[in-house]
Every structure is written in structure tokens, then in C-alpha cells.
Amino acid sequence: MNEKLLNKIKALLAKANCSSVTEEEAKAFMAKATELMTKHGLQLCDLPEDHVERTAFEIDKHSVDSGRRKREYDMAVGRILSDCFGVKIVHWTGHSTYGFYIIGTAEDAAVAKEILPMLQATMSRGFLRWQRENGITKWSSNEARAFYWGLHKGYVTASEEGKAKALEQASKDKQEQYGIILHNKDQAIQLWAAANMKTKPLKAETLGSKNGAYEAGFIQGATLKLIQPKKLK
């Protein structure tokens, strides 16, 4: 993996968390870092560490209120955040609103929140575009669900392949370091959730047949090309 690129992303994240920058500047730095990480299929654990060993993580709960009712793509979005961005997602619903908790480090939660609206836009607008391209005018929940979960599978696959390629070029010590970081962070998140929250195992989603909608979603997810939302909430 290009060391110059990794250091550039790390520098952007450092600037985003610097107390001397304005809120607008911090958002711009975070957006650019997220854009580069998404484009190259990277996660925070891929970035160079200041210390060889890192075993302690400050885990906390970060709430996200959508201000709307739950939509069909929300579960797939949550799974992508969990599978690719080093956090645990716990969904919740109210009388007229839906949201979820992001459980993880402050840095991982910030990246997850930044990528969230892009994933939502990619899911919703991507499926509508696929319908138009195929002359489909009637909404189908089964096809929508297939597209969303196809996109999830494609994104996760591309992310894992990108990470595997990066590790192939890393030294044995660096590979072991990545393994330690991932294991300890995941363990810390699971222990925190078990001690602080009552969560139920997610039910297996019914994907239906791997039809054209699923394949279209997979291709879009596998290219790691996310749609920028028109308006961030």
C-alpha cells in the first residue's frame, strides 16, 4: 500500500480533530480523509500507528437520530458500517422516528457518521436508477432488498480484497500488528456493549434470489463508488 497515501489520510484525520481549526474546516478535513479511505478501500486500522502496540481503546456510545421512520436499506447500511468501519451498530425505533447507536472509538464513530449519508444515498438513489434503466415503474420490496444487500456484499468483498492486497505488501511484523489492533478493538467493543447495553442478536435477513437487482447492487458496492447526498442531515 502507498505509504504516502496512508500518511496523507492520517494527517487529514489529525487536522480534523485539532482544536485550533473551525467546525467547517474540521468537516472538510474529515470529508477528504473519508473520500480517500472509501476510494482505496481502507480502514483506520490500515493507517500507520504512532506506537507499535496499541491494546487500549476508549469505547463509547454515539447516538444517531434519523428524524424519520425506518427504511428498508437501514439494516444494510448498518451492516456495512459494522463490517467495514470497525464499529458495532445497535438499531432502535421510537413512535415516529428511527436511529441507532454507533459503538466504538470516537475516531471510528466520526468516520462512520461521515460515510453514513453517502451509504444512504447510494442505497436509495442507486436502486431507483436501476429501476429506471430497466424500465421498472412499480416498487418491489423484494427487489429493493436484494439490491441493498447485494451492495452490502459487494462493498464488504471489495474492502476485504483491498485490505488483503495491502497486507500482502506489508512486513510480517506489520501484519501481526494489524491483527492485534483488529482483535483488541473488536474485543473491547463487544465487552463494552455487553456491560453497558442490552442488545438482541440481529435476525437473518431474507435476501431472496440473487436476481438482477442483487447483481446491480453488488457491482455498485464492489466499485466502492458512493453517491454524495444532495443534503446532509
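Above this text is the structure in question.
Residues numbered from 1 in each chain as written. Predicted model: local features only at pLDDT ≥ 70, side-chain atom pairs only at ≥ 80, totals over all residues. Heavy atoms only, no water.

Here we come to the side chain of His 152. Checked against the element boundaries, His 152 lands in helix α5 (residues 141–168). Not counting the four nearest positions on each side in its chain, His 152 is found in contact with Ala 76, Arg 79, Ile 80 and Asp 83. (Helix = DSSP H or I, 4+ residues; strand = E, 2+ residues; numbered from the N terminus. Contact = heavy atoms within 4.5 Å.)

Turning to the pattern of salt bridges, a few remarks are in order. If you walk through the whole model with that rule in mind, you get 2 salt bridges. Of the charged contacts in the structure, one is a salt bridge between Lys 32 and Glu 35, with a shortest N-O distance of 4.0 Å. One end of the pair is Lys 32 and the other is Glu 35, both in helix α2 (residues 23–39) and 3 residues apart, which spans about a single turn. Judged by its relative accessible area of 34%, Lys 32 falls in the partly exposed class. Residue Asp 74 pairs with Arg 68 through a salt bridge whose shortest N-O separation is 3.0 Å. Across the pair, Arg 68 and Asp 74 agree in class, each one buried. (Salt bridge = Lys/Arg side-chain N within 4 Å of Asp/Glu carboxyl O. Buried < 20%, exposed > 50% of the residue type's maximum accessible area, 1.4 Å probe, protein only.)

Here we take up the packing of aromatic side chains. Tallied over the full model, the rule gives 9 aromatic pairs. Where Trp 92 meets Tyr 101, the ring centres are 6.4 Å apart and the plane angle is 40°; that geometry is what we call tilted. With a relative accessible area of 21%, Trp 92 lands in the partly exposed category. Residue classification places Tyr 101 among the partly exposed positions, given a relative accessible area of 22%. Taking 5.2 Å as the distance between ring centres and 85° as the angle between the ring planes, the aromatic pair formed by Phe 127 and Trp 139 counts as edge-to-face. With Phe 127 in helix α4 (residues 106–133) and Trp 139 in the loop between α4 and α5, this pair connects stretches of sequence that are 12 residues apart. The exposure class assigned to Phe 127 is buried, which follows from its relative accessible area of 0%. Here the basic side chain of Lys 61 rests over the ring of Tyr 101, its NZ or CZ set 4.6 Å away from the ring centre. (Phe/Tyr/Trp six-rings, centres within 6.5 Å; stacked < 30°, edge-to-face > 60°. Lys NZ or Arg CZ within 6 Å of the ring centre and 35° of its normal.)

Okay, the sheet that holds strand β2 (residues 88–93) next. Sheets are built from strands paired through backbone hydrogen bonds, the pairs being either parallel or antiparallel. As summarised here, the arrangement of the 3 strands in space is β1-β3-β2, forming an open sheet in which the pairing is antiparallel. Either end of the sheet is taken by a strand with one partner, and the two such strands are β1 (60–68) and β2. Across the sheet, the axes of successive neighbouring strands diverge by a mean angle of 20°, strand direction being ignored. Relative to strand β3 (residues 98–104), β2 runs antiparallel, the two sharing 6 bridges. Bridged to Ile 89 within β3 is Ile 102. Packed on one face of the sheet, helix α3 (residues 74–84) meets β1, β2 and β3 and runs near 155° to β2. Where α4 meets the sheet, it contacts β1 and β3, and its direction lies at approximately 20° from that of β1. (Pairing = 2+ DSSP bridges. Axes fitted to C-alpha atoms, helices over the stretch in contact; angles between N-to-C directions.)

Moving on: the packing of α3 against α4. One can describe the packing of α3 onto α4 by two numbers: an axis separation of 10 Å at closest approach and a directional angle of 140°. Here α3 lies oblique to α4, going by the angle between them. Here the hand of the crossing between α3 and α4 comes out right-handed. Two secondary-structure elements touch here, α3 through Asp 74, Ala 76, Val 77, Ile 80 and Leu 81 and α4 through Ala 112, Ile 115, Leu 116, Leu 119, Gln 120 and Met 123. Tallied by class, residues from the contact of α3 with α4 come to 9 nonpolar, 1 polar and 1 charged. (Parallel < 35°, antiparallel > 145°, perpendicular 65-115°, else oblique. Left-handed = near helix turned anticlockwise from the far one by under 90°. Nonpolar A, V, L, I, M, F, W, Y, C, P; charged D, E, K, R; others polar.)

Here we take up the packing of α3 against α5. At their nearest, the axes of α3 and α5 sit 9 Å apart, and the two run at 10° to each other. Put simply, α3 runs roughly parallel to α5. On α5, the residues that touch Met 75, Ala 76, Arg 79, Ile 80, Asp 83 and Cys 84 of α3 are Tyr 148, Trp 149, Leu 151, His 152, Tyr 155, Val 156 and Ser 159. Taken together, the residues that form the contact of α3 with α5 break down as 9 nonpolar, 2 polar and 2 charged.

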